[in-house]
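The residues making up each chain are set out below.
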Amino acid sequence: MSTNNNNDIKKLCTLSRLEIDESEIQKTSDKIKEIISFFNKLDEFESNGVQEIPYNYMKTEKKVDELRDDLTTLNLNDADGGGVEKATPFSFLNSKNGYVIGPRI
Amino acid sequence: MGMLLALGYDKMTNLHKLAGYQVSQKIKNQEIFAEEYISLVFERISNVDSKINSFISKNHESALLKAKQIDKKIRNNEKLGSLLGIPIGIKDNISVLGLKTTCASKMLQEYVSPYNATVVDRLEKQDALIIGKLNMDEFGMGTSSEFSHYGAVHNPWNQDYVAGGSSGGSAAAVSSLQIPISLGSDTGGSIRCPSSFCSVIGIKPTYGLVSRYGLVSYSNSLEQIGPMARTIIDIAMTLNTICGKDSSDSTSTTAATLDQQFEYKINTVDGVLGKNYKVGIIDNLILSSESQVMETVFKKIDLLKKHGFDVQKTKINYSDFALAAYYVIATAEASSNLSRFDNIRYGFSHNPQGYEWNSYSSHVRSNFGDEVKRRILVGSFVLSAGYYGKYYLKAQKVRNAIKNEFNKLFKLFDVLILPTMPILPFKIGEKGAKPLDLFNLDIYTILANLAGIPAMSIPAGFSKKGLPIGLQILSNEFNEQILIDIATFFENKDKFNEWIPNI
Amino acid sequence: MTRTESKTQQLGISLKNDDDDGNVDENIKIGLEIHSQLTRLDTKLFCGCFSNYRDIKPNENTCPICLGLPGSLPLLNKKAVEYASMMCISLNCNIPEKITFYRKNYFYPDLPKNFQITQYNSYELSSIGYDGLISYFNDKVESDREEKTKGKTVRIKRIQLEEDPGKIIYEENNSKINNYCLIDYNRAGVALVEIVTEPDFRNANDVRLFLNKITNIFEYLGVSDPNLEGAVRCDVNVSVKGGKKVEIKNISSFKDVEKSIIYEITRQKTLSMHQISVKSETRHWDEKRKITIPARTKEEEDEYKYFPEPDIPRIVLGSGYREKIKNNMPELPIERLKRYVDIHKLSNHVSDILINNKKVSDFYEESLKIYNSPKEISNWIVNELLSKTNDLEKNEPTDNKSNKQRGFISHVTPQQIADIAKLVEEKSINRNIAKDIFGKSIKTGESPLKLIENVEIRKIRDSETIRKYIGEVLSDEKHLIEQSSTNPNVANFILGKIMKKTGGRADPQLTLKLIRESIERK
């Protein structure tokens, strides 16, 4: 996001599958650049004393034994007995013979 | 309504002022019927909400039906839940079976959830009544509840002002005495900011304490569902109901097993004082807030000192990096989370026939609001090839540093105190021209989300113009009891539960 | 546009400047990306829907999780981690103590969330397996064990666990005239293991041997049935020295994997010969025309915006995990081979044939349980049963491997094989008769023991009758008497004829005695 033209923003729009009106492009681009230059503040961060292991970000951990068993009858909510079990059949936005209608590829 | 004969007129008109636990007691004692109470609640909503705009949809018929069932249960001496007959409003990004879950977005205006969020199941199991879905900033992205497809939420204390966000509907509905309790979600302050602006209590629990199953994700690694209410008893009761391990959310806590449930208590003031809590004052942050906010917070600190709390000054070092780190993580996760809204499986009425795939998705996704679009674009940017290390990974390192800093602070203190918001509530339409102006408002609240620790906002007082000011209290992870204790102390001394807007 | 230009465009190439050294044969590099569904799981990777999505009405094998409905969260299947680990162990991969899942973000209508939950090793070692090595053999040298153990090896770069997308269907064959597509999400979320090899293959034949080898291993592990439609898919990358790497996707069968490699090598060599450089690209295999065609290159293809899946915690396997899985793992083909040779004392050749197909090997094991004679049982399976099945295959040529196995299994039971082996070993029945009985047993499904009883009961022990048969043979083929003085085998030949006439009922000892008498008398 360093150049002055709006190619970057257009590329981002394609990547994000968003359309932005031609008239709004400049304004959007300015706002996004403002945010990105604010993010660039992170360059100054010195993680003194903080472990430098690249993957040492905050992430919860779970033991493999605590994972879900391979059972088709899910009792997802323990005592609650809710969740997926109670799910009603889902009606799709547009469908044909049970298939979901999508745009042509 | 023949049953009204049992009650005096005055008693009925004042029911909406009661806390959830008080009404529940009356229903249980058969002083009132759940059915008549719920009818009154809906009457109150239709009288008041035209000025506030806190509800997106109401669950009228089903709630009334449930209320009748509760009355029947009482007559039949059946086992009764702990939230018996209490009407609870749900932020519109939390799934309720059979109700629309719009996230205040045009993209989901026709989406009806086929399942219940875990928290909703748990509330209903305790005989609470789901009263409706509450307004918010679209997908939780905002600090004012102005960015809603359904229009801005108005502050009950002054309707020209914002209610705060993103859970603005949840705070305003409780503050304006439409309902006693609501659920909000908090990604970077979305429960605490509107709680502060509307003068109610709101808590963001420890990450993992409350199941996120059914909460439409904005930034999964930061957010939690939490209760909002006018009294600390209602907060504790609701939190007791919704918290604890849930096997349908892999990030829900493993700190407690099922047979070792979390249970929060309301202690007496003497009991709280007897615990000799050490209080840290985040001095550098308090001093950076608006003068009226600062003065109010110092008054609260004086009250603590007066009652013998051990109060000492301290500071947070990384808060300047924290805001940037927060928005990098939040927008990155959001850009991915919101990808699924392509209007193929669900969404708003639109037929994809005749469209080419790429142009269809771009076309329909343009129905996101401007703020949401901006955050998706920013998030896509920070995750794009070559930038991962510069932004996302760096942000995670800052997050680690913040967590470490809090770990150190909580070796010295039991509880930390700072304002919830750096400024007073502002007028609708006043802010938003510059994205950073709004981002900067989150500077005090995002810390708890980054560190995963619990944080509560409680009413602290008012500005000269009568706009609410909130006090924020933080404790170490899974120490929600300390927050409830401190809030109990202030509620008892200040009687903030009696601060009610004139509406 | 000139003809050359349009040709180069169609081939997806650009004109090359520098010279090529021409000697490319030894400089072919082929790598594979194999996707294998864990078809033996009961449920999908992240939800309780059926793993076996086949034959379910469209979109009826779905739930909020695999449809990616707002608010749903993935729940990792423990057994999927175990099965993937077994695959890693069988391919000699390392398994890390902790694994992580990542989101691969791209928009496509068959992806319910518009991202795929997978694993990714660029930022950390997150995948279930890495740095493996497996040898495979060329069956031309199969009889020589020394030669075989030298074998050929391929390095495994990584193995990762991920979710399968849904399926897109068109009402019209030509996608261009379709106004819309139809999507079935029944497959979405099925557990998929991706195996990425280093580019260690030099020719298409080796690739085929390798694919047979690993799909056989997966069958032994009981994690995947490669015979199910779409259960194992394979992408290929090919590069010829001097050119860039070309990826080929959309290959639907192993036969086409070979064909696409051969086609692509030829294409790239041809370009090199004409001093046209091969550019890095993705091409699709055109199943009908049997050629590779340039895939529409999308700029954002490299922009998958990978980041750690925040809804799945890092999974701690721990240091003892590998051992634990290994100890509970079914026997691998290589282990079975060793057992057959060392303990059952079978030849390498026979052992190899047995283990190369798990169903055959299992059949052998089952038969052994009934009658424990490895030599005799393996002999009947390899020399009789398999050759009969092969004959059957020659008459009805088919691409489908599973038909062969189904034919094998459905017609014969281990009991039949065990019985026939027992008859031969214990009742010292003539091998020819045994074969005959076995043939009948296969045809009728009747037990060989029953059949032999019939033979015994109806056995002809009456000398007069036998002499009548001998007379018939000798009057038909008079030259036999003359030959008998010089050729000692004539007696046996006549016995064979009589056995045929009597359906094996003539008592062999008595008949032989009578034959000799009649020859000598003449």
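Reading guide: rules and limits
Residues numbered from 1 in each chain as written. Chains lettered and ligands numbered in written order. Predicted model: local features only at pLDDT ≥ 70, side-chain atom pairs only at ≥ 80, totals over all residues. Heavy atoms only, no water. Contact = heavy atoms within 4.5 Å. Buried area = accessible area lost by both parts, 1.4 Å probe. Salt bridge = Lys/Arg side-chain N within 4 Å of Asp/Glu carboxyl O. Polar contact = N/O pair within 3.5 Å; in protein donor to acceptor, adjacent residues only side chain to side chain. Nonpolar A, V, L, I, M, F, W, Y, C, P; charged D, E, K, R; others polar. Helix = DSSP H or I, 4+ residues; strand = E, 2+ residues; numbered from the N terminus. Buried < 20%, exposed > 50% of the residue type's maximum accessible area, 1.4 Å probe, protein only. Core = buried A, V, L, I, M, F, W, Y, C linked by side-chain atoms within 4.5 Å. Pairing = 2+ DSSP bridges. Disulfide = S-S within 2.5 Å. Phe/Tyr/Trp six-rings, centres within 6.5 Å; stacked < 30°, edge-to-face > 60°. Lys NZ or Arg CZ within 6 Å of the ring centre and 35° of its normal. pLDDT = per-residue confidence, 0-100.

Caption draft 1: Layout of the interface of chain A and chain B. Chain A puts 57 residues into the contact, and the matching count from chain B is 84 residues. Summing both sides of the interface, chain A and chain B together bury roughly 6,200 Å²; the carbon and sulfur share of this comes to 63%. Where chain A packs against chain B, one counts one salt bridge. Two residues, Lys390 of chain B and Asp43 of chain A, come together in a salt bridge whose shortest N-O distance is 2.7 Å. Where chain A packs against chain B, one counts 16 residue pairs in polar contact (both at pLDDT 80 or more). Its residues placed into classes, the side of chain A that touches chain B shows 29 nonpolar, 13 polar and 15 charged.

Caption draft 2: Seen up close, the side chain of Asp286 of chain C. Residues and elements named next belong to chain C. Along the chain, Asp286 falls in strand E14 (residues 281–286). On the basis of relative accessible area, Asp286 is assigned to the buried category, the value being 15%. The contacts of Asp286, once residues within four sequence positions are left out, are Ile291 and Ile293.

Caption draft 3: Region of interest: the nonpolar core. In terms of nonpolar packing, the biggest core is built from 230 residues, with Phe39 of chain A, Phe406 and Met456 of chain B together with Phe210 of chain C touching the most fellow members. Take this core: its biggest share by element is 12 residues, from helix H12 (residues 319–337) of chain B. In contact with Phe406 of chain B, other than residues within four places in its own chain, are Ile316, Leu416, Leu447, Ala451, Ile453 and Leu474 of chain B. If you look at the next biggest cluster of nonpolar residues, it comprises 34 residues, including Tyr340, Leu368, Ile429 and Ile437 of chain C.

Caption draft 4: Seen up close, the interface of chain C and chain A. Across the contact, 57 residues belong to chain C and 36 residues belong to chain A. Surface buried jointly by chain C and chain A totals about 4,000 Å² across both partners, of which 62% is contributed by carbon and sulfur atoms. Broken down residue by residue, the surface that chain C buries against chain A is led by Lys78, Phe107 and Arg314 of chain C, which jointly contribute 17%. Here chain C and chain A share five salt bridges between them.

Caption draft 5: Broad picture of the pairing of strand E11 (residues 415–419) of chain B. Residues and elements named next belong to chain B. The buried fraction of E11 is high, at five of five residues. Sheet topology note: the strand E9 (residues 278–282)/E11 ladder contains three bridges and is parallel. Residue Ile281 lies in a different strand from E11, and its bridge partner there is Ile417. Pairing analysis gives five bridges linking E11 to strand E13 (residues 468–475), with the strands arranged antiparallel.

Caption draft 6: Representation of the environment of Ile494 of chain C in the model. Residues and elements named next belong to chain C. Relative to the helices and strands, Ile494 is located in helix H17 (residues 490–502). Through-space distance from the C-alpha of Ile494 to that of Leu480 is 8.6 Å; in sequence the pair is 14 residues apart. Not counting residues within four places of it along the chain, the set of residues in contact with Ile494 comprises Val473, Leu474, Leu480, Ile515 and Ile519.

Caption draft 7: Quick look at the state of the cysteines. Inspection of the entire model under this criterion finds zero disulfides over all chains. Cys88 of chain C carries a free sulfur, and the closest cysteine sulfur to it, the one in Cys93 of chain C, is 5.1 Å from it.

Caption draft 8: Looking closely at the packing of aromatic side chains. Enumeration over the complete set of coordinates arrives at 40 aromatic pairs over all chains. Pairing Tyr304 of chain C with Tyr306 of chain C gives two aromatic rings, centres 6.0 Å apart and planes at 75°, and the pair type is edge-to-face. A cation sits over an aromatic face here: Lys106 of chain B above Phe348 of chain B, 4.2 Å from the ring centre. In this structure, Lys104 of chain C is placed above the aromatic ring of Tyr304 of chain C, and the distance from its NZ or CZ to the ring centre is 4.4 Å.

Caption draft 9: Here's a closer look at the confidence of the model for chain A. All names here are of chain A. With 67% of its residues at a pLDDT of at least 70, chain A reaches an overall mean of 77. By mean pLDDT, helix H1 (residues 7–16) is the weakest element of chain A at 89, and strand E3 (residues 99–103) is the strongest at 94. Across residues 51–56, where pLDDT falls below 50, the model places eight contacts with residues more than four positions away in sequence or in other chains. Overall, residues 74–87 carries pLDDT values under 50, and its contacts beyond four positions in sequence, including any with other chains, amount to 43 contacts.

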